[in-house]
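Geometric and topological summary
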Amino acid sequence: MFKVPVIAAAVSLVLAPAALAQSNTDYIEEVIVTAERVEKSILDVTTTTNVLSEAFLERENIRELNQVANFIPNMLVQEQAVGGQSFTIRGIGNEDGEQKLGSFFNGMNVTDRNFSGQFLHDIERVEVLKGPQPTAFGSFAVNGAVNIVSNTARFDEQEFEIGAGLGSFNEYRINGVANLPLTDWLAFRLAAFSVDKDGYSENVSGEDQNARVGSNLRFTTSVQTDRFRADLIIAHEDNDGPGIGFNSKYYRTDGDIADAGSDLDFGPTETVINREITLYQLKTQFDVTANLSLAYNAYYNEGDLYEYFDVDGAAIQLDERDYNYESSQTGQELFINWNSDRVDARIGYNFFDYDSHYTSYTLYTNFQTYIAREIANAVIVQPTGYTNLSDDNIYPADYPLQVLRQQTAQYVLNNPATVNPASGQPVANALTTLVDFTGGIPQNKNETRGLFASADVRVTDELTFNVGVRDEETEANGNPDDTSDPLWKLGANYSINDELSVYYTFAQGRTPPLNAIIVNPDVERETVDSNDIGFYWVSSSFQLQGAYFTFDYENLVVSVTDSQTGLTTTANAETTSVSGFELHGGFTLNEMWGEYGRFGSNDAEYGATTDGGFVANYAGNQFRYSPEYTYTLGGRMQWNDLRAVLSWTYMDDVYFEPSNDPDTLQEGFGLLNLSLEYQFNEAIQLGIYGKNILDEDYLIDSGNFGGSDGQPTLIQGTPANWLATIQYRF
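Residues numbered from 1 in each chain as written. Predicted model: local features only at pLDDT ≥ 70, side-chain atom pairs only at ≥ 80, totals over all residues. Heavy atoms only, no water.

Our next topic: the pairing of strand 27 (residues 527-538). Along strand 27, the buried face is formed by V528, S530, D532, G534, Y536 and V538; none of T527, D529, N531, I533, F535 and W537, which line the opposite face, is buried. One ladder, built from 11 bridges, connects strand 26 (residues 500-510) with strand 27; its direction is antiparallel. Residue T505 lies in a different strand from strand 27, and its bridge partner there is D532. Bridge analysis of strand 27 against strand 28 (residues 542-554) gives 12 bridges, and the strand direction is antiparallel. Counterpart to S530 in the pairing with strand 28 is F551. The turn joining strand 27 and strand 28, which pair antiparallel and follow one another in sequence, is formed by 3 residues. (Buried < 20%, exposed > 50% of the residue type's maximum accessible area, 1.4 Å probe, protein only. Helix = DSSP H or I, 4+ residues; strand = E, 2+ residues; numbered from the N terminus. Pairing = 2+ DSSP bridges.)

Next up, the structure:
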């Protein structure tokens, strides 16, 4: 049963409109989205879409995608580092190697560990699309998509802005925007953002971990005439800082068990993450007539990522790794749009070429520790019937799992193997290469060509039907895909009045063949049928939207990480059903007071695996990173030139591994955030932003590679931190 705070959150969202007066600065009467690859009012779409505006992003000082998730129902983003973010929407994510959530920048594909995470600055809006998006975005958006829309150059006025900030953990940041219209048809826009923030996870023997260091520069050239618009966008981001703060739960020299607030001890290890990416995008649209338009988009993304990380999360040098990862994406899209009084039709073609390659991947160990670990498993664990204490296993309820993990860890810490028991030879106390996979991991190449068509048919002034279909041809690593069938999307939208509409959507999704080949050539590709029924209510005083959804999955891939290679062993689950409900809204009581919120519930459990030889059966377990419910409630106040926002975000119990291992559980917790802004004059704005101001200890991950080897590691969530800023516009 839902707890009292959950009921209160839902009731608050539903009843708030009755108490509202007029005016709202965060939501405008016509919210424009590109969820169906054409700009239209959110009241007219048949896709469940959550939108955060530029004003909202700036007021909440949102600069990273994981912060966006606090305000989107049934969405979580696990951003351990700039490379390799883990998304979940409605309980389904990318964590098992299968690409199910698409990342897009200005509608163009950036679905890759290099490109999906960028600093959010000078952003027009963030759109989160729920459910499969076969027509709009293809097979890379099996379960949903995130589309970040950047500001383009404006022709109406010059705009110059510079800003700076100082904050907790020695943070300093600078930002700037320059918008320069040269003529009535040519304009330029330059946006820059840079941050240097020390790690918030204290490492007692070296550099603190979980830092944010990087710079992002974006240059946009826009051309506009009466019938033609073109935007050339070049974006570059460079990140260089310490790595992920994996913290061993049991490898503790003090004999304690680590929690979210425990210090790290990496010993002599120095971690690092270096990433450099560049995106080139061209967007064009030509209005042939009042009813016919053509759009052509082209893009190229390239990126390099190097990471050195401490897998065991301790000073014992049991498992350390580094790798170089390179990727590139090339795409072209052509759309034809035709509009009439009763029918809006679109046909399109896209080409997408995707190359990725681990140019190096090396595992290192100290053999004194490595041998001690093997002895500990043989002496302590194997007599109980298990090879090791991996968090991928399913254990009996009375199995003393955590006691054995602590005993095993203390054995390794206190009994380094100075002599090899097999050979009798001395073992050096030094970090040594264990396995070098360089050259052994194949390059992955995917080419996709897709043709899609969709149409909105207005049966009456109130009722519109939408039908869309996409057919794709894909070649993955030289292997053509012979199993693809067309993917369909069907919907209906009924306009009750100018402010309220209801809709229904059925959509199909299927994972790209590339992922099945990378993960395991024997697994079946995932397919999903989804149903959404919802409403949009948008006026000058408030916005409220809600949806009930169901997913029926076939061949859902579940995975276990090989503790030696870091690669995955996978199998398909039987039919898995997911259902839930969500609300998202913002309201204004009067010119001084307002509130906003979101609520999401999600019932997601794994089905049984169809592979009898699979290491574990997760049937009935809660999905990884899928809490039963989440909510956010926020209040806004404006008094003359002072603006204040106070928000509370709560997440219910969440498991970080599909086994639902007790060491991978984060119990429900809440975070309190505060924003204060003062408009000193027309040019100067001062701001103070506090995140997690009650300093709640919590985890953003637990288990990881170390957990697959029997010793879970923890990753701390951001503690209390403050930022003071000044912005100058001229």
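There is more to say after this.
Under the definition given, this model contains 14 cavities of 30 Å³ or more. In this structure, the largest cavity spans a volume of roughly 850 Å³. Around the largest cavity sit 44 residues that line it, and N66, Q67, N70, Y698 and T718 are the ones nearest its centre. Residues of the lining of the largest cavity, tallied by class, amount to 22 nonpolar, 12 polar and 10 charged. By volume, the second largest cavity amounts to about 150 Å³. Lining the second largest cavity are 18 residues, and of these N109, F137, E333, N350 and R470 lie nearest its centre. The element that contributes the greatest number of residues to the lining of the second largest cavity is strand 20 (residues 343-366), accounting for 3 residues. Within the lining of the second largest cavity, the residues separate by chemical class into 9 nonpolar, 5 polar and 4 charged. (1 Å grid on protein atoms, 1.4 Å probe; cavity = no way out; pocket = protein on both sides within 12 Å on 5 of 7 lines; lining within 4 Å. Points joined across faces, edges and corners; volume = space filled by probe spheres on them. Nonpolar A, V, L, I, M, F, W, Y, C, P; charged D, E, K, R; others polar.)

This part covers a negative patch on the surface. A contiguous patch of negative charge, built from D238, D240, E276, E302, D304 and E326, is present on the exposed surface. Within the secondary structure, E326 sits in strand 19 (residues 320-339). (Patch = residues over 30% accessible without salt bridge, like charges linked within 9 Å, V, L, I, M, F, W, Y side chains within 5 Å. Areas by Shrake-Rupley, 256 points an atom, 1.4 Å probe, with all protein chains shown as cover. Salt bridge = Lys/Arg side-chain N within 4 Å of Asp/Glu carboxyl O. Lys, Arg positive; Asp, Glu negative; His and termini not counted. Charge placed at Lys NZ, Arg CZ, Asp CG, Glu CD.)

What follows covers the pairing of strand 37 (residues 669-679). Summarising burial for strand 37: 9 of the 11 residues are buried, a large majority. Bridge count for strand 34 (residues 642-651) against strand 37 is 10 bridges, and the pairing is antiparallel. Residue pairing for strand 37: V645 is matched across the bridge by S675. Relative to strand 38 (residues 684-691), strand 37 runs antiparallel, the two being bridged by 6 bridges. Bridge assignment links L674 to a residue of strand 38, and that residue is G690.

A contiguous nonpolar patch, built from L190, L217, F219, L232, I234, Y280, L282, Y296, Y300, L334, Y349 and L451 and spanning about 990 Å² of accessible area, is present on the exposed surface. Of all the secondary structure elements, the ones that give two or more residues to the nonpolar patch are strand 14 (212-224), strand 15 (228-241), strand 17 (272-287) and strand 18 (292-310). Here Y296 shows up in strand 18.

What follows covers the environment of T221. Position of T221 relative to the elements: it lies in strand 14. What makes T221 buried here is its relative accessible area of 17%. Each C-alpha atom of the pair T221 and L190 lies 8.9 Å from the other, and the pair is 31 residues apart in sequence. When sequence neighbours within four positions are dropped, the list of residues in contact with T221 reads L186, A187, F188, A230, D231 and L232. (Contact = heavy atoms within 4.5 Å.)

Our next topic: the sheet that holds strand 39 (residues 699-703). Taken in spatial order, the 3 strands line up as 16-40-39 in an open sheet, and their pairing is antiparallel. Strands at the two margins of the open sheet, each flanked by one partner only, are strand 16 (247-248) and strand 39.

What follows covers the sheet that holds strand 9 (residues 123-130). An order of 3-9-10-7-8 is seen for the 5 strands of this open sheet, with the pairing classed as mixed. Looking at strand neighbours, the two that pair on one side only are strand 3 (49-53) and strand 8 (108-109), the edges of this open sheet. Relative to strand 10 (residues 144-150), strand 9 is paired through 7 bridges, and the arrangement is antiparallel. From the neighbouring strand, R125 faces strand 10, where its bridge partner is V149.

With that settled, consider the pattern of salt bridges. Under the criterion given, the structure shown has 31 salt bridges. Here D122 and R189 are joined by a salt bridge, their closest N and O atoms 2.8 Å apart. Note that D122 is positioned in the loop between strand 8 and strand 9 and R189 in strand 13 (residues 186-197), a separation of 67 residues in sequence. Judged by relative accessible area, D122 falls into the buried class, the value being 7%. With a relative accessible area of 2%, R189 lands in the buried category. For E159, the salt bridge goes to R154, with nearest N and O atoms at 3.4 Å. Via salt bridges that share partners, E54, D122, R154, E159 and R189 belong to a single interconnected network.

Here we come to the nonpolar core. Membership of the largest hydrophobic core comes to 33 residues, with the highest contact counts inside it found for I244, I273, F309, Y323 and Y361. Among the elements of the structure, strand 18, strand 19, strand 20, strand 37, strand 39 and strand 40 (713-716) are those that each provide at least two residues to this core. In terms of residues, this core owes the most to one element, strand 20, which gives 4 residues. The contact partners of I273, leaving out residues within four places of it in the chain, are A81, V82, N239, D240, G241, P242, G243, I244, L305, Y306 and E307. (Core = buried A, V, L, I, M, F, W, Y, C linked by side-chain atoms within 4.5 Å.)

Mapped onto the elements, E591 comes out in the loop between strand 31 (576-588) and strand 32 (593-604). Once the C-alpha coordinates of E591 and Q638 are considered, the two residues, 47 residues apart in sequence, prove to be 7.4 Å apart.

On to the side chain of T48, then. With respect to the helices and strands, the residue T48 is situated in the loop between strand 2 (40-41) and strand 3. Here D532 takes part through its side chain, which lies 2.6 Å from a polar atom of the side chain of T48. Setting aside residues no more than four positions away along its own chain, T48 makes contact with R90, V128, L129, K130, Y503, D532, Y536, A547 and E582. (Polar contact = N/O pair within 3.5 Å; in protein donor to acceptor, adjacent residues only side chain to side chain.)

Moving on, we get to helix 5 (residues 367-381). Given a rise of 1.5 Å per residue, 15 residues ought to cover 21 Å, and the 20 Å separating the end C-alpha atoms of helix 5 matches this to within 8%. If you check which residues of helix 5 are buried, you get Q368, T369, Y370, I371, A372, R373, A376, N377, I380 and V381. Residues of helix 5 that are buried make contact with strand 20, helix 6 (401-414) and strand 21 (431-436). For helix 5, the capping residue at the N-terminal end is N366, with a side-chain oxygen 3.0 Å from the backbone nitrogen of Q368. (Expected span 1.5 Å × (residues − 1).)

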